[in-house]
Amino acid sequence: MSDDMEKLYEIRLNRYKTAMLNGKPDKVPLRIFAAEFSSKYAGFTVQQATYNYKIAFEAVRKCAKDFNWDATVLNMIYCWGGIIDAFGQKYYRLPGLNLPENMGFQYVEPPDEETAYMHEDEYDLLIENPTEFLMNVWIPRISKYAAKPGETNIYLNNAAWLKGGIAMMKYFNDFGEAGALLKSECGAVSAIFGILKSPFDVIADKFRGFRQVCVDVYRQPKKVEAACEALMPHLLKNALLSSDPSGTLPVSIWLHRGTLFNQSMYEQFFWPTTKEIIIELWKKGIQTLWYAEGNWSKWLKYTAELPEKSIIYHVDKEDIFEVHKQVGEKFAISGGIPNDMLAFASPEEVKAFCKKVIEIIGKDGGYIMDAGAIVMSDAKPENMMAMSQAVEEYGYY
Amino acid sequence: MSIEKLNPKAGEVVPWQVKEKEAGKIMGDKEIIKKEWEDIEALAYRYVWAVVTDF
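How each quantity is defined
- Residues numbered from 1 in each chain as written.
- Chains lettered and ligands numbered in written order.
- Predicted model: local features only at pLDDT ≥ 70, side-chain atom pairs only at ≥ 80, totals over all residues.
- Helix = DSSP H or I, 4+ residues; strand = E, 2+ residues; numbered from the N terminus.
- Rg over C-alpha atoms; globule rule 2.2 N^0.38 Å.
- Buried ≥ 20, exposed ≤ 12 C-beta atoms within 10 Å, placed from the backbone.
- Contact = placed C-beta atoms within 7 Å.
- Pairing = 2+ DSSP bridges.
- Axes fitted to C-alpha atoms, helices over the stretch in contact; angles between N-to-C directions.
- Nonpolar A, V, L, I, M, F, W, Y, C, P; charged D, E, K, R; others polar.
- Arc of directions from axis to C-beta.
- Core = buried A, V, L, I, M, F, W, Y, C linked by C-beta atoms within 7 Å.

Caption draft 1: Spatial organisation of the overall build of chain A. Secondary structure assignment for chain A yields 17 helices and eleven strands. What you see for chain A is a C-alpha radius of gyration of 21 Å, in line with the 21 Å of a compact globule of 397 residues. A buried classification covers 50% of the 397 residues belonging to chain A. Counting contacts in chain A only where the partners sit at least 6 residues apart, residues at least 24 apart contribute 71% of the total.

Caption draft 2: Fine view of the overall build of chain B. In terms of regular secondary structure, chain B is built from two helices and zero strands. Taking 10 Å as the expected radius of gyration for a compact globule of 55 residues, we find that chain B reaches 13 Å, considerably beyond that expectation. In terms of its C-alpha atoms, chain B occupies a principal-axis envelope of roughly 40 × 30 × 15 Å. Here chain B holds 55 residues, and 20% of them are scored as buried.

Caption draft 3: Region of interest: the sheet that holds strand β11 (residues 367-368) of chain A. All names here are of chain A. In spatial order, the strands read β6-β7-β8-β9-β10-β11; together these six strands make up an open sheet with parallel pairing. Strand pairing shows two members of the sheet lacking a second neighbour, β6 (195-196) and β11, which therefore form its edges. Relative to strand β9 (residues 311-315), strand β8 (residues 288-292) runs parallel, the two sharing five bridges. Bridge pairing links Leu289 to Ile312 in β9. Strand contacts of helix α14 (residues 320-327): β9 and β10 (332-335), with the helix running at about 155 degrees to β9, the strand carrying the most contacts.

Caption draft 4: Structural detail: the interface of chain B and chain A. Each partner contributes residues to the interface: chain B has 21 residues there, and chain A has 26 residues. Taken together, the residues of the side of chain B that touches chain A break down into 15 nonpolar, three polar and three charged.

Caption draft 5: Main features of helix α10 (residues 210-219) of chain A. Residue and element names in this part refer to chain A. By the burial criterion, the buried members of α10 are Gln212, Val213, Asp216 and Val217. When α10 is viewed along its axis, its buried side chains cluster within an angular range of 140 degrees and face the same direction. Along α10, the residues that are exposed and aim more than 90 degrees away from the buried face are Val215, Tyr218 and Arg219. Residues of α10 that are buried in the fold lie against α9 (199-207), α11 (221-242) and α12 (263-283).

Caption draft 6: Molecular detail of the nonpolar core. A:Ala34, A:Val375 and A:Met387 are the most contacted members of the largest nonpolar core, which has 134 residues in total. When neighbours within four sequence positions are excluded, A:Met387 is seen to be in contact with A:Leu30, A:Ile337, A:Val350, A:Cys354 and A:Met369.

Caption draft 7: Expanded view of unusual backbone geometry. Residues and elements named next belong to chain A. Positive phi outside glycine occurs at Asn22, with the angle close to 65 degrees. Inspection of the secondary structure assignment puts Asn22 in the loop between α1 (3-20) and β1 (31-32). The phi angle at Lys309 is positive, at roughly 70 degrees, despite the residue not being glycine. Overall, Lys309 belongs to the partly exposed group, with 16 C-beta atoms counted inside 10 Å.

Caption draft 8: Quick peek at the sheet that holds strand β2 (residues 71-72) of chain A. Residues and elements named next belong to chain A. Taken together, the three strands give an open sheet; going across it, the order is β1-β2-β5, and neighbouring strands pair in parallel fashion. In this open sheet, the two strands that pair with only one neighbour each are β1 and β5 (189-190). Pairing geometry for β1 and β2, over two bridges, is parallel. Note that in β2 the partner of Arg31 across the bridge is Ala71.

Caption draft 9: Structural context of the pairing of β8(A). All names here are of chain A. Within β8, five of the five residues are buried, leaving the element largely enclosed by the surrounding structure. Because side chains alternate across β8, one face comprises the buried residues Thr288, Trp290 and Ala292, and the other comprises Leu289 and Tyr291, equally buried. The pairing of strand β7 (residues 251-255) with β8 spans five bridges and is classified as parallel. Across the sheet, Trp254 pairs through a bridge with Tyr291, a residue of β8.

As structure tokens, then:
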């Protein structure tokens, strides 16, 4: 790595770290989470980037260089086609396979009780031991190939477990090289390290599905609550095992269903275990990027209970100015540049809005510029450039 | 057919106690064997839970 690139990396790492801890760096960091935008900009189809993750890594690096990103995610097209085909998850549709080649991968939610990946009478199994539930019940149900214990084993079952494991090791291992190349070629920082989901989101997304869990919260609320509690130590452990060994970069929590339920349900099901995990991570010095997809403003008073600096509050559809007023003293804020603005507005409009956000939210530091949600292929490159220019012109302290 | 319950904790898929029972009298340093077992358990655990959280 050249000395200049090394120096640039250190400046950017320090800038990003300082802002994440709600401090005032030299400049507002520009940290972009881009998925299919990167592959389109770099001249690849979505299928190419979804099936060949090294293409996705390369596309992100091109964007990091061209748009002068301080930090970014190595690959936001996280659903690598190779591993899905190997392990056989039924719940994905993939570009080029069963979707048009330029459509992003799709998660197919189970629409009813019959097709749910966890049945209504299986809460006790999940609660008793979540890992055994995954291996014995859930994985055999979500994989085309996996056989349930007691069923006739088939060649494809053994092959799926073998291939899935090897593929995952290879993929996660290659993230190391990708991070090193992002650093040496672009001087940019890998933005996040590690993954967290809320226990309730796991049940609502991957196990029961939204429609089914909407029934469960009325018909068997104690079971739902107990299931969240049973999942909690595992999601914490998973976050710790996947986290940055240096403790510098945050774990990311991808927040989904909490906004779709009323206050009493948020208090009973979503919040307690989510809060506990984040606090436990912070006790070990690990920040969480609170990636609040949609609008989480109605729950701000709960999020505000979290320890100071334990999260970076990411704004998607919320009013970033209001979020800043309410929790800006405690937490750094990221995001808030609307994705529809990046798709439909003019570069001048984008730049003007970024300037406003920088001047108000970023005034005392603790702001990281990003789009509200992951940048897809509809964002215009000239608007992404307008964000970069705004940070360069208005972002220095 | 009833499924054998091994009751793994967070961070493991097959508890060390299962291996220890199967091995019987361990003739050398148990901790050397246990460490490798548990390191691989953590990888396997991450694999299984990554299907939930990452994929």
